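Structure assessment
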Amino acid sequence: MIESNVGMFQFINTMRSGNPEQTMMTILQTTAKGNPVFENLLSLAQKGNTKEIETIARNMTKERGLDFDTEFNSFKRTFGL
């Protein structure tokens, strides 16, 4: 329990004082290891290929019987966007 709290404090401090974009990318790259779809999405993001990312997201939501636009709008509302 204490270790996870320390990790969380380190994460928050890094986000505040460092480069939050790089911190998040490092976390995502670590998480993506071994997951080809996630690795591909990160590669597309690093290249700025948002159109292809959107196409993949639309296909994934459709496969799950969800509407991309509805889900994305809900996601944006969650973060006040």
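None of the values given here were measured: they were computed from a predicted structure. (Residues numbered from 1 in each chain as written. Predicted model: local features only at pLDDT ≥ 70, side-chain atom pairs only at ≥ 80, totals over all residues. Heavy atoms only, no water.)

Our next topic: the overall build of the chain. Check the secondary structure of the chain and you find five helices and zero strands. When the helices and strands of the chain are listed from N to C terminus, the series reads α-α-α-α-α. Within the span of the chain, comprising 81 residues, buried residues form 10% of the whole. A total of about 6,700 Å² of accessible surface is found on the chain, and carbon and sulfur atoms cover 57% of it. (Helix = DSSP H or I, 4+ residues; strand = E, 2+ residues; numbered from the N terminus. Buried < 20%, exposed > 50% of the residue type's maximum accessible area, 1.4 Å probe, protein only. Areas by Shrake-Rupley, 256 points an atom, 1.4 Å probe, with all protein chains shown as cover.)

Once that is clear, we can look at a nonpolar patch on the surface. A cluster of nonpolar residues, Phe72, Phe75, Phe79 and Leu81, forms a patch on the protein surface that exposes about 470 Å² of accessible area. Residue position: phenylalanine 79 is located in the segment after α5 (68–78). (Patch = residues over 30% accessible without salt bridge, like charges linked within 9 Å, V, L, I, M, F, W, Y side chains within 5 Å. Salt bridge = Lys/Arg side-chain N within 4 Å of Asp/Glu carboxyl O.)

What follows concerns the pattern of salt bridges. By the definition in use, this model includes two salt bridges. With a closest N to O distance of 2.8 Å, glutamate 54 and arginine 58 form a salt bridge. In this pair, glutamate 54 and arginine 58 both sit in helix α4 (residues 50–63), four residues apart, roughly one turn of the helix. Of the charged contacts, one joins aspartate 69 and arginine 58 as a salt bridge, the two residues approaching to 3.0 Å between their closest N and O atoms. One end of the pair, aspartate 69, is in helix α5; the other, arginine 58, is in helix α4, and 11 residues separate them in sequence.

A few words on the environment of isoleucine 56. Considering the arrangement of structural elements, one finds isoleucine 56 in helix α4. By relative accessible area, isoleucine 56 is classed as buried at 16%. Residues isoleucine 56 and leucine 41 lie 15 residues apart in sequence; the distance between their C-alpha atoms is 8.5 Å. Discounting residues that sit within four places of it in the chain, isoleucine 56 has contacts with Asn40, Leu41 and Leu44. (Contact = heavy atoms within 4.5 Å.)

Further remarks concern the side chain of threonine 61. The topology assignment puts threonine 61 in helix α4. Among the residues examined, threonine 61 registers a relative accessible area of 16% and is labelled buried. Only 3.0 Å separates the side chain of threonine 61 from the backbone oxygen of arginine 58, close enough to count as a polar contact. Contacts of threonine 61, omitting those with residues within four sequence positions, involve Leu66 and Phe68. (Polar contact = N/O pair within 3.5 Å; in protein donor to acceptor, adjacent residues only side chain to side chain.)

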